[in-house]
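Now for the letters of each chain:
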Amino acid sequence: MQVTGRLCDKLSRPMSATTPANANVPAAESSARWAALFKIAVGILLAMSLWFSASAVSPALREEWSLSPTALAWLTLAVQLGFVVGTLVSAFLNLPDVVPLRALIAACAWMAAASNAGLALEARGAGSAIVLRFATGFFLAGVYPPGMKLMASWFRSGRGLALGTLIGALTLGKATPYLVNAVGSERWRSNVLAVSALSAIGGLIVLIFVGDGPFAAPSARLDLGQIARVFHNRGVRLADFGYFGHMWELYAMWTWVPVFLRASLGARSAPPALAEAASFLVIGSGVVGCVLAGLLADRLGRTVIASAAMVISGTCCLVFGFLFTAPTAVLLVVAAIWGASVVADSAQFSACVTELSDPAYMGTALTVQTCVGFLLTMVSIELVGKLSASAGWSLAFASLAPGPALGVAAMLRLRRLPEAAKIAQGRR
(Lines give C-alpha, C1' and ligand atoms only; values in the text may rest on other atoms or scores of the structure.)
Protein backbone atom coordinates (compact mmCIF):
# COMPACT_ATOMS: atom_id res chain seq x y z
CA MET A 1 0.00 0.00 0.00
CA GLN A 2 2.91 2.36 0.77
CA VAL A 3 4.45 1.74 -2.67
CA THR A 4 1.10 2.35 -4.32
CA GLY A 5 0.63 5.49 -2.25
CA ARG A 6 4.01 6.91 -3.26
CA LEU A 7 3.29 6.15 -6.91
CA CYS A 8 -0.13 7.85 -6.74
CA ASP A 9 1.42 10.86 -4.97
CA LYS A 10 3.94 11.17 -7.79
CA LEU A 11 1.37 10.80 -10.52
CA SER A 12 -0.99 13.33 -8.96
CA ARG A 13 1.65 16.08 -8.94
CA PRO A 14 1.58 18.65 -11.76
CA MET A 15 3.75 18.02 -14.81
CA SER A 16 5.27 21.46 -14.47
CA ALA A 17 8.39 21.80 -12.33
CA THR A 18 6.90 24.96 -10.84
CA THR A 19 4.74 24.34 -7.79
CA PRO A 20 2.06 26.94 -6.97
CA ALA A 21 2.67 28.87 -3.77
CA ASN A 22 -0.43 27.46 -2.13
CA ALA A 23 0.40 23.85 -3.01
CA ASN A 24 2.66 23.04 -0.06
CA VAL A 25 1.84 19.50 1.02
CA PRO A 26 1.91 19.08 4.81
CA ALA A 27 3.74 16.21 6.40
CA ALA A 28 0.40 14.76 7.51
CA GLU A 29 -0.31 13.80 3.89
CA SER A 30 1.46 10.46 4.12
CA SER A 31 0.86 7.09 2.56
CA ALA A 32 -1.72 6.43 5.29
CA ARG A 33 -4.19 8.40 3.22
CA TRP A 34 -4.11 5.76 0.48
CA ALA A 35 -5.04 3.06 2.95
CA ALA A 36 -7.91 5.27 4.12
CA LEU A 37 -8.92 5.84 0.49
CA PHE A 38 -9.10 2.10 -0.11
CA LYS A 39 -11.19 1.39 2.99
CA ILE A 40 -13.60 4.28 2.42
CA ALA A 41 -14.02 3.31 -1.24
CA VAL A 42 -14.78 -0.32 -0.37
CA GLY A 43 -17.28 0.73 2.28
CA ILE A 44 -19.08 3.14 -0.05
CA LEU A 45 -19.05 0.59 -2.90
CA LEU A 46 -20.81 -1.99 -0.75
CA ALA A 47 -23.24 0.46 0.83
CA MET A 48 -24.33 2.02 -2.47
CA SER A 49 -24.92 -1.38 -4.09
CA LEU A 50 -28.54 -1.00 -2.92
CA TRP A 51 -29.39 1.68 -5.47
CA PHE A 52 -30.39 -0.44 -8.47
CA SER A 53 -31.26 -3.63 -6.56
CA ALA A 54 -34.90 -3.41 -7.67
CA SER A 55 -34.10 -2.31 -11.23
CA ALA A 56 -31.79 -5.29 -11.66
CA VAL A 57 -34.61 -7.73 -10.85
CA SER A 58 -37.36 -5.75 -12.58
CA PRO A 59 -38.12 -8.47 -15.18
CA ALA A 60 -38.91 -10.89 -12.33
CA LEU A 61 -40.95 -8.25 -10.49
CA ARG A 62 -42.93 -7.45 -13.63
CA GLU A 63 -43.81 -11.10 -14.12
CA GLU A 64 -44.59 -11.92 -10.49
CA TRP A 65 -46.59 -8.77 -9.67
CA SER A 66 -47.94 -7.96 -13.18
CA LEU A 67 -46.43 -4.48 -12.96
CA SER A 68 -47.15 -1.75 -15.49
CA PRO A 69 -44.27 0.24 -17.07
CA THR A 70 -45.20 3.17 -14.81
CA ALA A 71 -44.94 1.07 -11.67
CA LEU A 72 -41.59 -0.31 -12.78
CA ALA A 73 -40.28 3.20 -13.41
CA TRP A 74 -41.34 4.23 -9.91
CA LEU A 75 -39.20 1.51 -8.37
CA THR A 76 -36.24 3.63 -9.54
CA LEU A 77 -37.84 7.04 -9.11
CA ALA A 78 -38.76 6.24 -5.51
CA VAL A 79 -35.07 5.82 -4.66
CA GLN A 80 -34.26 9.14 -6.32
CA LEU A 81 -37.11 10.88 -4.46
CA GLY A 82 -36.11 9.33 -1.15
CA PHE A 83 -32.53 10.46 -1.68
CA VAL A 84 -33.66 14.02 -2.50
CA VAL A 85 -35.77 14.20 0.66
CA GLY A 86 -32.98 12.67 2.70
CA THR A 87 -30.37 15.12 1.42
CA LEU A 88 -32.76 18.02 1.99
CA VAL A 89 -33.25 17.00 5.62
CA SER A 90 -29.52 16.37 6.02
CA ALA A 91 -28.55 19.73 4.52
CA PHE A 92 -31.15 21.66 6.54
CA LEU A 93 -29.88 20.12 9.78
CA ASN A 94 -26.17 20.28 8.70
CA LEU A 95 -25.90 16.58 9.63
CA PRO A 96 -22.56 15.89 7.82
CA ASP A 97 -21.03 18.82 9.71
CA VAL A 98 -22.46 18.29 13.20
CA VAL A 99 -22.63 14.46 13.46
CA PRO A 100 -19.47 12.28 13.46
CA LEU A 101 -19.09 11.14 9.87
CA ARG A 102 -18.28 7.46 10.45
CA ALA A 103 -21.25 7.00 12.77
CA LEU A 104 -23.57 8.78 10.33
CA ILE A 105 -22.42 6.71 7.35
CA ALA A 106 -22.59 3.40 9.20
CA ALA A 107 -26.01 4.03 10.74
CA CYS A 108 -27.49 5.15 7.43
CA ALA A 109 -25.96 2.20 5.54
CA TRP A 110 -27.53 -0.22 8.03
CA MET A 111 -30.95 1.44 7.88
CA ALA A 112 -30.82 1.48 4.08
CA ALA A 113 -29.86 -2.22 4.11
CA ALA A 114 -32.81 -3.00 6.39
CA SER A 115 -35.19 -1.10 4.09
CA ASN A 116 -33.86 -2.95 1.06
CA ALA A 117 -34.14 -6.30 2.86
CA GLY A 118 -37.78 -5.43 3.48
CA LEU A 119 -38.27 -5.47 -0.29
CA ALA A 120 -37.28 -9.14 -0.31
CA LEU A 121 -38.97 -10.18 2.93
CA GLU A 122 -42.18 -8.16 3.06
CA ALA A 123 -43.07 -6.59 -0.30
CA ARG A 124 -45.88 -8.29 -2.19
CA GLY A 125 -46.72 -5.61 -4.76
CA ALA A 126 -45.84 -2.23 -6.19
CA GLY A 127 -47.22 -0.17 -3.30
CA SER A 128 -45.12 -1.64 -0.52
CA ALA A 129 -42.09 -1.96 -2.81
CA ILE A 130 -42.18 1.73 -3.72
CA VAL A 131 -42.41 2.76 -0.05
CA LEU A 132 -39.42 0.58 0.83
CA ARG A 133 -37.43 1.90 -2.13
CA PHE A 134 -38.15 5.45 -0.97
CA ALA A 135 -36.82 4.57 2.49
CA THR A 136 -33.70 3.04 0.95
CA GLY A 137 -32.96 6.23 -0.97
CA PHE A 138 -33.70 8.38 2.08
CA PHE A 139 -31.09 6.61 4.21
CA LEU A 140 -28.50 6.47 1.41
CA ALA A 141 -28.46 10.27 1.60
CA GLY A 142 -26.47 9.76 4.80
CA VAL A 143 -23.86 7.64 3.02
CA TYR A 144 -22.78 9.32 -0.20
CA PRO A 145 -22.28 13.06 0.62
CA PRO A 146 -20.75 12.35 4.06
CA GLY A 147 -18.48 9.81 2.37
CA MET A 148 -17.13 12.55 0.10
CA LYS A 149 -16.46 14.81 3.08
CA LEU A 150 -14.72 11.97 4.93
CA MET A 151 -12.51 11.34 1.90
CA ALA A 152 -11.68 15.05 1.57
CA SER A 153 -10.49 15.05 5.20
CA TRP A 154 -7.63 12.79 4.12
CA PHE A 155 -6.60 14.64 0.96
CA ARG A 156 -5.59 18.18 0.09
CA SER A 157 -3.35 17.48 -2.89
CA GLY A 158 -4.58 14.70 -5.18
CA ARG A 159 -8.16 15.31 -4.08
CA GLY A 160 -9.48 14.91 -7.64
CA LEU A 161 -7.96 11.43 -7.87
CA ALA A 162 -9.23 10.53 -4.40
CA LEU A 163 -12.80 11.65 -5.06
CA GLY A 164 -12.61 10.11 -8.53
CA THR A 165 -11.74 6.80 -6.90
CA LEU A 166 -14.63 7.20 -4.47
CA ILE A 167 -17.13 7.98 -7.23
CA GLY A 168 -15.71 5.08 -9.22
CA ALA A 169 -16.35 2.79 -6.25
CA LEU A 170 -19.86 4.17 -5.93
CA THR A 171 -20.42 3.52 -9.65
CA LEU A 172 -19.21 -0.06 -9.36
CA GLY A 173 -21.46 -0.47 -6.34
CA LYS A 174 -24.48 0.65 -8.32
CA ALA A 175 -23.59 -1.83 -11.05
CA THR A 176 -23.20 -4.70 -8.55
CA PRO A 177 -26.90 -5.77 -8.44
CA TYR A 178 -26.74 -6.54 -12.16
CA LEU A 179 -23.74 -8.80 -11.55
CA VAL A 180 -25.50 -10.48 -8.62
CA ASN A 181 -28.56 -10.95 -10.80
CA ALA A 182 -26.46 -12.41 -13.62
CA VAL A 183 -24.52 -14.96 -11.54
CA GLY A 184 -26.64 -15.32 -8.39
CA SER A 185 -29.80 -17.15 -7.51
CA GLU A 186 -32.75 -17.52 -9.84
CA ARG A 187 -34.89 -16.26 -6.95
CA TRP A 188 -34.93 -12.47 -7.01
CA ARG A 189 -35.60 -12.20 -3.28
CA SER A 190 -32.34 -14.02 -2.52
CA ASN A 191 -30.42 -11.64 -4.76
CA VAL A 192 -31.95 -8.58 -3.09
CA LEU A 193 -31.06 -9.96 0.34
CA ALA A 194 -27.48 -10.59 -0.80
CA VAL A 195 -27.13 -6.95 -1.84
CA SER A 196 -28.58 -5.83 1.51
CA ALA A 197 -25.90 -7.85 3.30
CA LEU A 198 -23.22 -6.13 1.23
CA SER A 199 -24.48 -2.72 2.34
CA ALA A 200 -24.46 -3.72 6.00
CA ILE A 201 -20.86 -4.89 5.65
CA GLY A 202 -19.94 -1.58 3.98
CA GLY A 203 -21.25 0.41 6.93
CA LEU A 204 -19.30 -1.80 9.33
CA ILE A 205 -16.06 -1.26 7.40
CA VAL A 206 -16.39 2.53 7.59
CA LEU A 207 -17.28 2.50 11.28
CA ILE A 208 -14.50 0.18 12.45
CA PHE A 209 -11.61 0.61 10.05
CA VAL A 210 -11.69 4.30 8.98
CA GLY A 211 -10.73 7.34 11.01
CA ASP A 212 -11.07 11.06 10.34
CA GLY A 213 -8.27 12.51 8.24
CA PRO A 214 -5.78 15.22 9.25
CA PHE A 215 -7.76 17.89 7.39
CA ALA A 216 -11.05 17.17 9.13
CA ALA A 217 -12.79 20.36 10.25
CA PRO A 218 -14.05 20.56 13.85
CA SER A 219 -17.74 19.81 14.31
CA ALA A 220 -19.79 22.85 13.35
CA ARG A 221 -22.81 24.24 15.12
CA LEU A 222 -26.28 23.97 13.61
CA ASP A 223 -26.84 26.84 11.16
CA LEU A 224 -30.17 26.66 9.33
CA GLY A 225 -29.10 29.45 6.94
CA GLN A 226 -26.25 27.50 5.37
CA ILE A 227 -28.39 26.20 2.48
CA ALA A 228 -28.95 29.75 1.19
CA ARG A 229 -25.30 30.69 1.72
CA VAL A 230 -24.14 27.86 -0.53
CA PHE A 231 -25.67 29.56 -3.57
CA HIS A 232 -24.25 32.97 -2.65
CA ASN A 233 -20.76 31.61 -3.32
CA ARG A 234 -20.17 32.28 -7.02
CA GLY A 235 -17.57 29.54 -7.51
CA VAL A 236 -19.65 26.92 -5.73
CA ARG A 237 -22.72 28.02 -7.66
CA LEU A 238 -21.03 27.44 -11.03
CA ALA A 239 -19.63 24.08 -9.89
CA ASP A 240 -23.18 23.16 -8.88
CA PHE A 241 -24.56 24.22 -12.28
CA GLY A 242 -21.98 21.98 -13.96
CA TYR A 243 -23.06 19.13 -11.68
CA PHE A 244 -26.73 19.71 -12.45
CA GLY A 245 -26.08 19.38 -16.19
CA HIS A 246 -24.11 16.21 -15.54
CA MET A 247 -26.89 14.74 -13.40
CA TRP A 248 -29.53 15.45 -16.03
CA GLU A 249 -27.75 12.83 -18.12
CA LEU A 250 -26.22 10.38 -15.63
CA TYR A 251 -29.07 8.57 -13.89
CA ALA A 252 -31.32 8.50 -16.92
CA MET A 253 -28.47 6.81 -18.77
CA TRP A 254 -27.88 4.36 -15.91
CA THR A 255 -31.61 3.60 -15.65
CA TRP A 256 -32.48 3.15 -19.32
CA VAL A 257 -29.35 1.74 -20.99
CA PRO A 258 -29.89 -1.65 -19.26
CA VAL A 259 -33.48 -1.62 -20.57
CA PHE A 260 -32.19 -0.74 -24.03
CA LEU A 261 -29.59 -3.54 -23.87
CA ARG A 262 -32.17 -6.11 -22.75
CA ALA A 263 -34.40 -5.18 -25.68
CA SER A 264 -31.59 -4.98 -28.25
CA LEU A 265 -29.80 -8.17 -27.22
CA GLY A 266 -33.11 -9.97 -26.69
CA ALA A 267 -34.07 -9.18 -30.28
CA ARG A 268 -30.91 -11.05 -31.33
CA SER A 269 -31.97 -14.09 -29.23
CA ALA A 270 -29.01 -13.57 -26.89
CA PRO A 271 -29.23 -15.28 -23.48
CA PRO A 272 -30.75 -12.99 -20.81
CA ALA A 273 -27.62 -13.24 -18.65
CA LEU A 274 -25.65 -11.48 -21.40
CA ALA A 275 -27.74 -8.32 -21.06
CA GLU A 276 -27.30 -8.36 -17.26
CA ALA A 277 -23.54 -8.84 -17.56
CA ALA A 278 -23.37 -6.14 -20.24
CA SER A 279 -25.28 -3.74 -17.98
CA PHE A 280 -22.81 -4.40 -15.16
CA LEU A 281 -19.86 -3.80 -17.47
CA VAL A 282 -21.32 -0.63 -18.99
CA ILE A 283 -22.13 0.99 -15.66
CA GLY A 284 -19.01 -0.46 -14.06
CA SER A 285 -16.79 1.02 -16.80
CA GLY A 286 -17.38 4.31 -15.04
CA VAL A 287 -14.71 3.22 -12.56
CA VAL A 288 -12.06 3.62 -15.26
CA GLY A 289 -13.46 6.99 -16.30
CA CYS A 290 -13.60 8.30 -12.72
CA VAL A 291 -10.07 7.29 -11.75
CA LEU A 292 -8.51 8.42 -15.04
CA ALA A 293 -10.35 11.74 -14.96
CA GLY A 294 -9.34 12.28 -11.34
CA LEU A 295 -5.68 11.66 -12.12
CA LEU A 296 -5.73 13.97 -15.15
CA ALA A 297 -7.73 16.67 -13.37
CA ASP A 298 -5.10 16.95 -10.62
CA ARG A 299 -2.45 17.43 -13.31
CA LEU A 300 -4.23 19.37 -16.05
CA GLY A 301 -7.13 21.09 -14.30
CA ARG A 302 -10.58 20.11 -13.08
CA THR A 303 -12.67 22.32 -15.35
CA VAL A 304 -11.00 21.23 -18.58
CA ILE A 305 -11.16 17.50 -17.78
CA ALA A 306 -14.78 17.72 -16.63
CA SER A 307 -15.64 19.59 -19.83
CA ALA A 308 -13.88 17.01 -22.01
CA ALA A 309 -15.78 14.17 -20.32
CA MET A 310 -19.10 15.94 -20.92
CA VAL A 311 -18.29 16.51 -24.59
CA ILE A 312 -17.70 12.76 -25.03
CA SER A 313 -20.77 11.69 -23.09
CA GLY A 314 -22.94 14.31 -24.81
CA THR A 315 -21.88 12.91 -28.17
CA CYS A 316 -22.85 9.43 -27.00
CA CYS A 317 -26.31 10.78 -26.08
CA LEU A 318 -26.80 11.78 -29.70
CA VAL A 319 -25.64 8.54 -31.35
CA PHE A 320 -26.42 5.67 -28.97
CA GLY A 321 -30.13 5.41 -29.69
CA PHE A 322 -29.38 4.67 -33.35
CA LEU A 323 -27.40 1.52 -32.45
CA PHE A 324 -30.31 -0.77 -31.55
CA THR A 325 -29.62 -3.03 -34.57
CA ALA A 326 -25.89 -2.30 -34.84
CA PRO A 327 -23.40 -5.20 -34.55
CA THR A 328 -23.18 -6.37 -30.96
CA ALA A 329 -19.50 -5.43 -30.65
CA VAL A 330 -20.19 -1.88 -31.82
CA LEU A 331 -23.16 -1.54 -29.48
CA LEU A 332 -21.20 -2.68 -26.44
CA VAL A 333 -18.08 -0.63 -27.22
CA VAL A 334 -20.06 2.60 -27.58
CA ALA A 335 -22.06 1.75 -24.47
CA ALA A 336 -18.81 1.22 -22.53
CA ILE A 337 -17.43 4.56 -23.77
CA TRP A 338 -20.62 6.26 -22.65
CA GLY A 339 -20.53 4.43 -19.33
CA ALA A 340 -16.95 5.56 -18.70
CA SER A 341 -17.44 9.19 -19.73
CA VAL A 342 -20.90 9.83 -18.27
CA VAL A 343 -19.62 9.68 -14.69
CA ALA A 344 -15.97 10.63 -15.22
CA ASP A 345 -16.67 14.29 -14.47
CA SER A 346 -18.76 13.70 -11.35
CA ALA A 347 -15.97 13.79 -8.77
CA GLN A 348 -14.53 16.99 -10.18
CA PHE A 349 -17.68 18.99 -9.44
CA SER A 350 -17.61 17.71 -5.88
CA ALA A 351 -13.88 18.40 -5.58
CA CYS A 352 -14.49 21.99 -6.69
CA VAL A 353 -17.11 22.37 -3.97
CA THR A 354 -14.72 21.05 -1.31
CA GLU A 355 -12.11 23.59 -2.43
CA LEU A 356 -14.39 26.61 -2.85
CA SER A 357 -16.90 26.26 0.00
CA ASP A 358 -16.66 27.19 3.68
CA PRO A 359 -14.60 24.32 5.21
CA ALA A 360 -16.76 24.27 8.34
CA TYR A 361 -19.88 23.54 6.29
CA MET A 362 -18.36 21.57 3.42
CA GLY A 363 -20.67 18.63 4.13
CA THR A 364 -23.74 20.84 3.86
CA ALA A 365 -22.50 22.31 0.55
CA LEU A 366 -21.93 18.83 -0.88
CA THR A 367 -25.33 17.67 0.33
CA VAL A 368 -27.12 20.66 -1.22
CA GLN A 369 -25.36 19.95 -4.51
CA THR A 370 -26.45 16.32 -4.56
CA CYS A 371 -29.98 17.17 -3.40
CA VAL A 372 -30.74 19.43 -6.37
CA GLY A 373 -28.87 17.20 -8.80
CA PHE A 374 -30.86 14.12 -7.83
CA LEU A 375 -34.10 16.08 -8.02
CA LEU A 376 -33.29 16.77 -11.68
CA THR A 377 -32.69 13.07 -12.32
CA MET A 378 -36.33 12.33 -11.59
CA VAL A 379 -37.36 14.56 -14.49
CA SER A 380 -34.85 13.16 -16.99
CA ILE A 381 -35.55 9.53 -16.05
CA GLU A 382 -39.27 10.07 -16.61
CA LEU A 383 -38.65 12.01 -19.83
CA VAL A 384 -36.51 9.29 -21.40
CA GLY A 385 -39.09 6.65 -20.49
CA LYS A 386 -41.92 8.57 -22.15
CA LEU A 387 -39.90 9.49 -25.25
CA SER A 388 -38.63 5.94 -25.75
CA ALA A 389 -42.23 4.71 -25.81
CA SER A 390 -43.62 7.47 -28.03
CA ALA A 391 -40.75 8.60 -30.27
CA GLY A 392 -38.10 5.90 -30.08
CA TRP A 393 -34.72 5.47 -28.41
CA SER A 394 -32.78 7.88 -30.61
CA LEU A 395 -34.79 10.93 -29.56
CA ALA A 396 -35.08 9.66 -25.98
CA PHE A 397 -31.33 9.52 -25.44
CA ALA A 398 -30.73 12.71 -27.46
CA SER A 399 -32.93 14.57 -24.96
CA LEU A 400 -30.13 14.12 -22.42
CA ALA A 401 -27.55 16.03 -24.49
CA PRO A 402 -28.52 19.55 -23.27
CA GLY A 403 -27.36 18.55 -19.78
CA PRO A 404 -23.68 18.06 -20.58
CA ALA A 405 -23.79 21.04 -22.97
CA LEU A 406 -24.91 23.34 -20.15
CA GLY A 407 -22.40 21.68 -17.82
CA VAL A 408 -19.53 22.52 -20.16
CA ALA A 409 -20.65 26.15 -20.31
CA ALA A 410 -20.72 26.39 -16.49
CA MET A 411 -17.29 24.83 -16.04
CA LEU A 412 -15.64 27.02 -18.66
CA ARG A 413 -17.17 30.06 -16.98
CA LEU A 414 -15.81 28.88 -13.61
CA ARG A 415 -12.37 28.44 -15.18
CA ARG A 416 -12.22 32.18 -15.95
CA LEU A 417 -13.06 33.33 -12.41
CA PRO A 418 -10.39 34.50 -9.93
CA GLU A 419 -11.81 32.04 -7.39
CA ALA A 420 -10.71 29.21 -9.67
CA ALA A 421 -7.14 29.71 -8.42
CA LYS A 422 -8.24 27.74 -5.33
CA ILE A 423 -9.06 24.66 -7.42
CA ALA A 424 -6.50 21.84 -7.34
CA GLN A 425 -3.76 24.11 -5.93
CA GLY A 426 -4.07 26.44 -8.89
CA ARG A 427 -4.59 23.85 -11.64
CA ARG A 428 -8.07 24.99 -12.49
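Predicted model, so just to flag it, every value in this text is computed and none were measured.

S.K.: How should I be thinking about the overall build of the chain in this particular structure?
M.R.: On a plain count of helices and strands, the chain comes out with 21 helices and zero strands. Burial statistics for the chain: of 428 residues in total, 59% are counted as buried. Put simply, of all contacts in the chain between residues at least 6 apart along the chain, 86% involve residues at least 24 apart. Summed over its atoms, the accessible surface of the chain is roughly 15,800 Å², and 70% of this surface lies on carbon and sulfur atoms.

S.K.: I keep staring at helix H5 (residues 69-92) and nothing clicks. Help me out?
M.R.: Along an α-helix, residues three or four apart share an orientation, since each turn contains 3.6 residues. Between its terminal C-alpha atoms H5 stretches 34 Å, which fits the 34 Å expected from 24 residues at 1.5 Å a residue. The axis of H5 is deflected most strongly, by about 35°, at Leu75. Two residues or fewer after H5 comes Asn94, characterised by a positive phi angle close to 55°.

S.K.: Any chance you could explain the packing of aromatic side chains here in plain terms?
M.R.: Both the distance between ring centres and the angle between the ring planes are used here to describe each pair of aromatic rings. Counted under the stated rule, the structure contains 26 aromatic pairs. A centroid spacing of 5.6 Å and a plane angle of 65° characterise the contact between Phe320 and Phe397, whose relative ring orientation is edge-to-face. Of this pair, Phe320 sits in helix H16 (residues 302-320) while Phe397 sits in helix H20 (residues 393-398); the two residues are 77 residues apart in sequence, bridging distant segments of the chain. Accessibility classification places Phe320 together with Phe397 in one group, the buried group. Considering the side-chain rings of Trp393 and Phe397, the 5.3 Å spacing of their centres and the 25° angle between planes classify their relative orientation as stacked. With Trp393 and Phe397 both in helix H20, this residue pair falls four residues apart, about one helical turn.

S.K.: How do you make sense of unusual backbone geometry when you look at a structure like this?
M.R.: Negative phi is the rule for most residues except glycine; trans is the rule for most peptide bonds. One non-glycine residue with positive phi stands out, namely Asn94, at about 55°. Considering the arrangement of structural elements, one finds Asn94 in the loop between H5 and helix H6 (95-98). With a phi angle near 65°, Ser269 is a residue other than glycine that sits in the positive phi range. Structurally, the position occupied by Ser269 is in the loop between helix H13 (234-267) and helix H14 (272-284). Look at Ser269 and you get exposed, because its relative accessible area is 67%.

S.K.: Help me understand helix H18 (residues 346-356) in this model?
M.R.: With eleven of eleven residues buried, H18 lies mostly within the body of the structure. Among all positions of H18, only Ser346, Ala347, Gln348, Phe349, Ser350, Ala351, Cys352, Val353, Thr354, Glu355 and Leu356 are buried.

S.K.: Could you clarify how one ought to interpret the nonpolar core in this entry?
M.R.: Nonpolar side chains in soluble globular proteins tend to be buried together. Counting residues in hydrophobic clusters, the biggest one holds 105 residues, and the most contacted among them are Trp254, Phe320, Trp338 and Phe397. Looking at which element gives the most residues to this core, the answer is H13, with 17 residues. Membership of the second largest hydrophobic core comes to 15 residues, among which are Leu61, Trp65, Ala120 and Ala129.

S.K.: Looking at this model, I keep getting lost on the side chain of Thr377. Mind explaining?
M.R.: Turning to its location among the elements, Thr377 is positioned in helix H19 (residues 362-390). We classify Thr377 as buried; its relative accessible area is 0%.

S.K.: Even after reading the chapter, I still don't get the packing of helix H9 (residues 144-152) against H19, so can you show me in this structure?
M.R.: In a pair of packed helices, the angle between the axes and the distance between the axes together describe the arrangement. Across the interface, H9 lies against H19 with an axial gap of 9 Å and an inter-helix angle of 140°. It follows that H9 is oblique to H19 by the angle criterion. For the element pair H9 and H19, the recorded crossing hand is right-handed. Only Met362, Gly363, Leu366, Thr367, Thr370 and Phe374 of H19 make contact with H9, whose side of the interface consists of Tyr144, Pro145, Met148, Lys149 and Ala152.

S.K.: Is there a simple way to think about the state of the cysteines in this case?
M.R.: Two cysteines whose sulfur atoms are joined by a covalent bond form what is called a disulfide. Within the structure shown, the criterion is met by zero disulfides. Cys316 forms no disulfide, and the closest cysteine sulfur to it belongs to Cys317, at a distance of 7.3 Å.

S.K.: When you look at empty space enclosed by the protein in this model, what are you seeing that I'm missing?
M.R.: Over the atoms rolls a probe the size of a water molecule, and its path tells where empty space is left. Tallied over the entire structure, the rule returns two cavities of 30 Å³ or more. Counted as a void, the largest cavity has a volume near 50 Å³. Contributions of two or more residues to the lining of the largest cavity are made by helix H10 (159-183) and H13. With five residues, the single largest contributor to the lining of the largest cavity is H13. Here the residues of the lining of the largest cavity sort into ten nonpolar, one polar and one charged.

Definitions and cut-offs
- Residues numbered from 1 in each chain as written.
- Predicted model: local features only at pLDDT ≥ 70, side-chain atom pairs only at ≥ 80, totals over all residues.
- Heavy atoms only, no water.
- Helix = DSSP H or I, 4+ residues; strand = E, 2+ residues; numbered from the N terminus.
- Buried < 20%, exposed > 50% of the residue type's maximum accessible area, 1.4 Å probe, protein only.
- Contact = heavy atoms within 4.5 Å.
- Areas by Shrake-Rupley, 256 points an atom, 1.4 Å probe, with all protein chains shown as cover.
- Expected span 1.5 Å × (residues − 1).
- Bend = angle between axes of the 7 residues up to and from the residue.
- Phe/Tyr/Trp six-rings, centres within 6.5 Å; stacked < 30°, edge-to-face > 60°.
- Core = buried A, V, L, I, M, F, W, Y, C linked by side-chain atoms within 4.5 Å.
- Axes fitted to C-alpha atoms, helices over the stretch in contact; angles between N-to-C directions.
- Parallel < 35°, antiparallel > 145°, perpendicular 65-115°, else oblique.
- Left-handed = near helix turned anticlockwise from the far one by under 90°.
- Disulfide = S-S within 2.5 Å.
- 1 Å grid on protein atoms, 1.4 Å probe; cavity = no way out; pocket = protein on both sides within 12 Å on 5 of 7 lines; lining within 4 Å.
- Points joined across faces, edges and corners; volume = space filled by probe spheres on them.
- Nonpolar A, V, L, I, M, F, W, Y, C, P; charged D, E, K, R; others polar.

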